[in-house]
Protein chains: 2
Amino acid sequence: MESIMSKQTILHKDDFEAMSDRYRATLINSISGFKSLGLVGTINEQGITNIGVFNSIVHIGAFPPLIGMVFRPDTVRRHTLENILTNKHYTINQVNASMLSRAHLASAKFDDDVSEFLACEFSAEFSNAGKAPYIKESAVKMMLEYRMHIPIPLNGTIFLIGEIIEIKVPTDIIKQDGFIDIHEAGTLTVTGLDAYYSTNVIDRFAYARPNMPITSLMNKSEDSR
Amino acid sequence: MESIMSKQTILHKDDFEAMSDRYRATLINSISGFKSLGLVGTINEQGITNIGVFNSIVHIGAFPPLIGMVFRPDTVRRHTLENILTNKHYTINQVNASMLSRAHLASAKFDDDVSEFLACEFSAEFSNAGKAPYIKESAVKMMLEYRMHIPIPLNGTIFLIGEIIEIKVPTDIIKQDGFIDIHEAGTLTVTGLDAYYSTNVIDRFAYARPNMPITSLMNKSEDSR
């Protein structure tokens, strides 16, 4: 790590302004850290299903269980927003390695009457909990119900918040303390606009207290994965 | 993966309501996907520096370069929010493996007059760009300036948005197209409240177009990392 740390680049506002739009979008999108990768499933009034690719999914609270997402209304993602505002329901489906190239394809600008389920060869799976389609191939997924959206005047984006009304996960990945082991389910993460990663477990740590040593929650010797 | 998929658990609102607060917080925090892990550095009017641990960092836009963060004002993180609202500046510092146990310790509830820099043995590093302290040990970091905050009435959280005014990264991890390779810098990711992961590169994909094959942006043969 010393060698990579040896030379540092420092960028400021005038550097950002001098960049091409594409270079800047790539750079700024990759600086915020590893991101949640989710395929958002919706359906419109005509019954056309839709998949949008999102990497701006953020935990808002546990009770009620709330998730936030950032929308750029001027992009291909408008179908997702329109469908959520109309039908109130949407699914978030995590992406594993076997789904990845199809998941990336779902970010393409398909014609209005084309469902990404068909174009990307995903299977729709329906639930009594809400109208939106799940992606059958996804192991970890949830149904949400629209709660509110907040326009962000700084750049015209929209921050949308929904409440989780259903969770579907493999039984084995729910641990004794409620922890859902999405790594064990093969969920991937993303940086920038297009860089995908799998994960390696480092550790789970117990609740931190001042001046106390950090202790592991995992019995590493029992963990033979 | 077939075996892990074989038995599925489905949870609904009444299941969430029946859980203990701690079990539910662990469960809901771990369902949103892999999250950005950042140490937020601030300073108060008395010159006491502070570090807050955040996993709710989300990209809002590239031009202007905006980052959002979710605050729970009733927690130990209030110092961070107070300092940002007073001083307008804060840093987000990514966490690598050598920093991890100290980073987790920074989430402990230290006394008001104790700086997490001292308590967690991090070094403060200052910049002309703004008043907030960087964490010297962090390889990938940025200074932000407060732009706005939005109270979320659904649960009393606050969504705060800042503009990136400075980025400091190792020169080698900035690629030709502007991509900042935070994996190469050793940046970690987090799920739930306390589970930490390193990453493995799968691929970078070119911009997706309908009915076109997905192509790699990485020359795997040249990538010997």
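Basis of the calculations
Residues numbered from 1 in each chain as written. Chains lettered and ligands numbered in written order. Predicted model: local features only at pLDDT ≥ 70, side-chain atom pairs only at ≥ 80, totals over all residues. Heavy atoms only, no water. Helix = DSSP H or I, 4+ residues; strand = E, 2+ residues; numbered from the N terminus. Buried < 20%, exposed > 50% of the residue type's maximum accessible area, 1.4 Å probe, protein only. Contact = heavy atoms within 4.5 Å. Areas by Shrake-Rupley, 256 points an atom, 1.4 Å probe, with all protein chains shown as cover. Lys, Arg positive; Asp, Glu negative; His and termini not counted. Charge placed at Lys NZ, Arg CZ, Asp CG, Glu CD. Least-squares fit on C-alpha atoms with pLDDT ≥ 70 in both. Buried area = accessible area lost by both parts, 1.4 Å probe. Salt bridge = Lys/Arg side-chain N within 4 Å of Asp/Glu carboxyl O. Polar contact = N/O pair within 3.5 Å; in protein donor to acceptor, adjacent residues only side chain to side chain. Nonpolar A, V, L, I, M, F, W, Y, C, P; charged D, E, K, R; others polar. Pairing = 2+ DSSP bridges. 1 Å grid on protein atoms, 1.4 Å probe; cavity = no way out; pocket = protein on both sides within 12 Å on 5 of 7 lines; lining within 4 Å. Points joined across faces, edges and corners; volume = space filled by probe spheres on them.

## A look at the overall build of chain A
Point 1. Of regular secondary structure, chain A possesses 6 helices and 13 strands.
Point 2. For chain A, the C-alpha atoms occupy an extent of roughly 60 × 50 × 30 Å along the three principal directions.
Point 3. A burial count over chain A gives 58% of its 225 residues as buried.
Point 4. Long-range pairs, those at least 24 residues apart, make up 56% of the contacts in chain A with a sequence separation of at least 6.
Point 5. For chain A, the accessible surface area stands at approximately 9100 Å², while carbon and sulfur atoms represent 50% of it.
Point 6. Positive and negative side-chain charges in chain A, numbering 21 and 26 respectively, have mean positions lying 2 Å apart.

## A look at helix H4 (residues 78-87) of chain A
Point 1. Those residues of H4(A) not exposed but buried are A:His79, A:Thr80, A:Leu81, A:Asn83, A:Ile84 and A:Asn87.
Point 2. The positive-phi residue at the C-terminal boundary of H4(A) is A:Lys88, with phi of around 70°.

## Thoughts on the relation of the copies chain B and chain A
Point 1. Structural alignment of chain B on chain A gives an RMSD of 0.0 Å, achieved by rotating through 180° and translating 0.0 Å along the axis. Taken together, the turn and the small shift mark the pair as related by a two-fold rotation axis. Distance from the rotation axis, computed per C-alpha, reaches its smallest value in chain B at B:Thr199: 2.2 Å.
Point 2. In this assembly the copies share their binding face: 100% of the residues contributing to the interface of chain B also contribute to that of chain A.

## A few points about the interface of chain B and chain A
Point 1. Contacts between the two partners involve 115 residues from chain B and, on the opposite side, 115 residues from chain A.
Point 2. The three residues of chain B that bury the most area against chain A are B:Ile31, B:Phe34 and B:His59, which together make up 8% of that side's buried surface.
Point 3. Linking chain B to chain A there are 4 salt bridges.
Point 4. Between B:Lys13 and A:Glu163 there is a salt bridge; the shortest N-O distance is 3.7 Å.
Point 5. Counting across the interface, chain B meets chain A through 41 residue pairs in polar contact (both at pLDDT 80 or more).
Point 6. No other element matches strand E11 (residues 157-170) of chain B, which puts 11 residues into the side of chain B that touches chain A.
Point 7. Across the side of chain B that touches chain A, the residue classes tally to 62 nonpolar, 31 polar and 22 charged.
Point 8. Direction of pairing for strand E13 (residues 195-204) of chain A relative to strand E13 (residues 195-204) of chain B: antiparallel, over a ladder of 9 bridges. If you follow A:Arg204 over to E13(B), its bridge partner there is B:Ala195.

## Describing empty space enclosed by the protein
Point 1. Tallied over the entire structure, the rule returns 1 cavity of 30 Å³ or more.
Point 2. As a volume, the largest cavity reaches approximately 80 Å³.
Point 3. Lining the largest cavity are 15 residues, with A:Ser36, A:Ile57, B:Lys35, B:Ser36 and B:Ile57 positioned closest to its centre.
Point 4. Among the elements that make up the lining of the largest cavity, the one with the highest residue count is strand E5 (residues 57-62) of chain A (3 residues).
Point 5. Of the residues in the lining of the largest cavity, the class split is 6 nonpolar, 7 polar and 2 charged.

## Considering the pairing of strand E4 (residues 49-54) of chain A
Residue and element names in this part refer to chain A.
Point 1. The element E4 is extensively covered by neighbouring structure, given that 6 of its 6 residues are classed as buried.
Point 2. Alternating positions in E4 separate into two faces, Thr49, Ile51 and Val53 on one and Asn50, Gly52 and Phe54 on the other, with burial throughout.
Point 3. Relative to E4, strand E3 (residues 38-43) is paired through 6 bridges, and the arrangement is antiparallel. When the sheet's bridge partners are listed, isoleucine 43 is paired in E4 with threonine 49.
Point 4. Counting the residues that bridge the hairpin from E3 to E4 gives 5 residues, and of these glycine 47 lies at a positive phi of roughly 85°.

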